[in-house]
Amino acid sequence: MNVLVINCGSSSIKAEVINTNGERLHTLVVERIQDDTPIITLDGSQVKEPCKTSGYEAVLGHALSYLSQAIGETELIGVGHRVVHGGKFFKEAVVIDESVEEKIDSLSTLAPLHNPINLLGIRIAKQHFPSIPHVAVFDTAFHQTLPKRAKYYAIDHEIAEKYAIQRYGFHGTSHAYVAEEAAKFLKTDIRELRLITCHLGNGCSIAAIEYGRSIETSMGMTPLEGLVMGTRSGDIDAGALLYLAQKEGLNLEELDTFLNKESGLKGLSGVGNDMRDIIDRAA
């Protein structure tokens, strides 16, 4: 029995067909999605026919068409989707129906670079694989174990409760996997280990994992908090943002775009957020 897993990220798409024994049957990688000619690699070979229409939806549909051909008669029992923000709605993986899609969409303001793309990936994949169940696995679920000291911000409690303002944490599936692999490497039960795990990519976060449970993490209510990332600023003095908005006359939407899409490595380098381009320019 085989499962297709899809990770629609802010700058790349990764998908694999995996059987229940853990064997990888097919691998799909899409990079430089925003470029005129995105790079699509299937099972280690670059797809020669480029996507003729730009945009995330067109590129993903083009890539999944090639993957569907490669799968052929392979029996799929389901499709798993990585979804970044589950808010307080989801504490574990769920089968996707219309109400789940609506909740994922409602959380897009908290993860503007991810949830809309995650949802788009779900809807396009459903078009290609309509007869099997689709399951959402949430980045925030692993961090549900955060203690109160790590979860809550120092603001009025009633306001925080009213608007569900708290630290949710992200990259949970990655942190959980890395911790488990570290435990295997150390030949020690994960319930006896205290670990620091790192997720480093276009989005970056670190987590403290105590005896298999997340107890601290660098990302917060949204994936904007914490480390410097590809286009996201990471931690910055809130007072600096108030000052910037006042001096530049920025509205909330413009400030959101500045912090999420124009900052991080892109803002620091003036080149972009692709580390390969930054290293080439630095050299």
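Here's a quick rundown of the structure. From a predicted model like this one, the values you see are computed outputs, not experimental measurements.

About the cut-offs
Residues numbered from 1 in each chain as written. Predicted model: local features only at pLDDT ≥ 70, side-chain atom pairs only at ≥ 80, totals over all residues. Heavy atoms only, no water. Disulfide = S-S within 2.5 Å. Buried < 20%, exposed > 50% of the residue type's maximum accessible area, 1.4 Å probe, protein only. Axes fitted to C-alpha atoms, helices over the stretch in contact; angles between N-to-C directions. Helix = DSSP H or I, 4+ residues; strand = E, 2+ residues; numbered from the N terminus. Parallel < 35°, antiparallel > 145°, perpendicular 65-115°, else oblique. Left-handed = near helix turned anticlockwise from the far one by under 90°. Contact = heavy atoms within 4.5 Å. Nonpolar A, V, L, I, M, F, W, Y, C, P; charged D, E, K, R; others polar. Core = buried A, V, L, I, M, F, W, Y, C linked by side-chain atoms within 4.5 Å. Phe/Tyr/Trp six-rings, centres within 6.5 Å; stacked < 30°, edge-to-face > 60°. Lys NZ or Arg CZ within 6 Å of the ring centre and 35° of its normal. Expected span 1.5 Å × (residues − 1). Arc of directions from axis to C-beta.

Next up on the list: the state of the cysteines. Across all of its chains, the model carries 0 disulfides by this definition. The thiol sulfur of Cys198 is not disulfide-bonded, and the nearest other cysteine sulfur, from Cys204, lies at 9.5 Å. A relative accessible area of 44% places Cys198 in the partly exposed class. Residue classification places Cys204 among the buried positions, given a relative accessible area of 9%.

A pair of packed helices is characterised by two quantities: the angle between their axes and the separation of those axes. The contact between helix H1 (residues 56–71) and helix H3 (residues 115–128) brings their axes to 10 Å, and the two run at 40°. Judged by the angle between their axes, H1 and H3 are oblique. Crossing of H1 against H3: the hand is right-handed. On the side of H1, the interface is formed by Tyr56, Glu57, Leu60, Gly61, Leu64, Ser65 and Ser68, while H3 contributes Ile117, Leu120, Gly121, Ile124, Ala125 and His128. The residue makeup of the contact of H1 with H3, split by class, is 7 nonpolar, 5 polar and 1 charged.

With that settled, consider the nonpolar core. Leu4, Ile6, Leu28, Val30, Leu64 and Leu67 are the most contacted members of the largest nonpolar core, which totals 28 residues. Where this core is concerned, the elements lending two or more residues are strand S1 (2–8), strand S2 (13–19), strand S3 (24–31), strand S4 (39–42), H1, strand S6 (76–83) and H3. If one sorts the elements of this core by residue count, H1 sits on top with 8 residues. Those residues within four positions of Leu28 in sequence are excluded, and the remaining contacts are Ile13, Lys14, Ala15, Ile40, Thr41, Leu42, Ala63, Leu64 and Leu67.

Moving on, we come to the packing of aromatic side chains. Applying the stated criterion across every chain yields a total of 2 aromatic pairs. Both rings, one in Phe90 and one in Phe138, keep their centres 4.3 Å apart while their planes meet at 5°; by these two values the pair is stacked. Within this pair, whereas Phe90 is found in the loop between S6 and strand S7 (94–95), its partner Phe138 is found in strand S8 (residues 134–138), the two being separated by 48 residues in sequence. Side by side, Phe90 and Phe138 carry an identical accessibility label, which is buried. Connected via pairs of aromatic rings, a cluster forms that spans Phe89, Phe90 and Phe138. The ring centre of Phe89 lies 5.7 Å from the NZ or CZ of Lys103, which sits over that ring.

Below, the discussion takes up helix H6 (residues 172–186). Here H6 spans 21 Å end to end across 15 residues, near enough to the 21 Å set by a 1.5 Å rise per residue. Turning to H6, its buried residues number three or more, namely Gly172, His175, Ala176, Ala179 and Ala183. With its buried residues spanning 100° around the axis, H6 presents them on a single face. Opposite the buried face of H6, at more than 90 degrees from it, the exposed residues are Lys184 and Phe185. Contacts from the buried residues of H6 go to strand S9 (194–200) and strand S10 (204–210). Looking at the residues trailing H6, positive phi occurs at Lys187, about 55°.

Let us look at the environment of Ser11. Within the element layout of this structure, Ser11 appears in the loop between S1 and S2. Take Ser11: its relative accessible area is 29%, and that puts it in the partly exposed class. When the C-alpha positions of Ser11 and Thr197 are compared, they lie 22 Å apart, and in sequence the two are 186 residues distant. Residue contacts for Ser11: discarding those within four places in its chain leaves Val30, Glu31, Arg32, Ile33 and Asn202.

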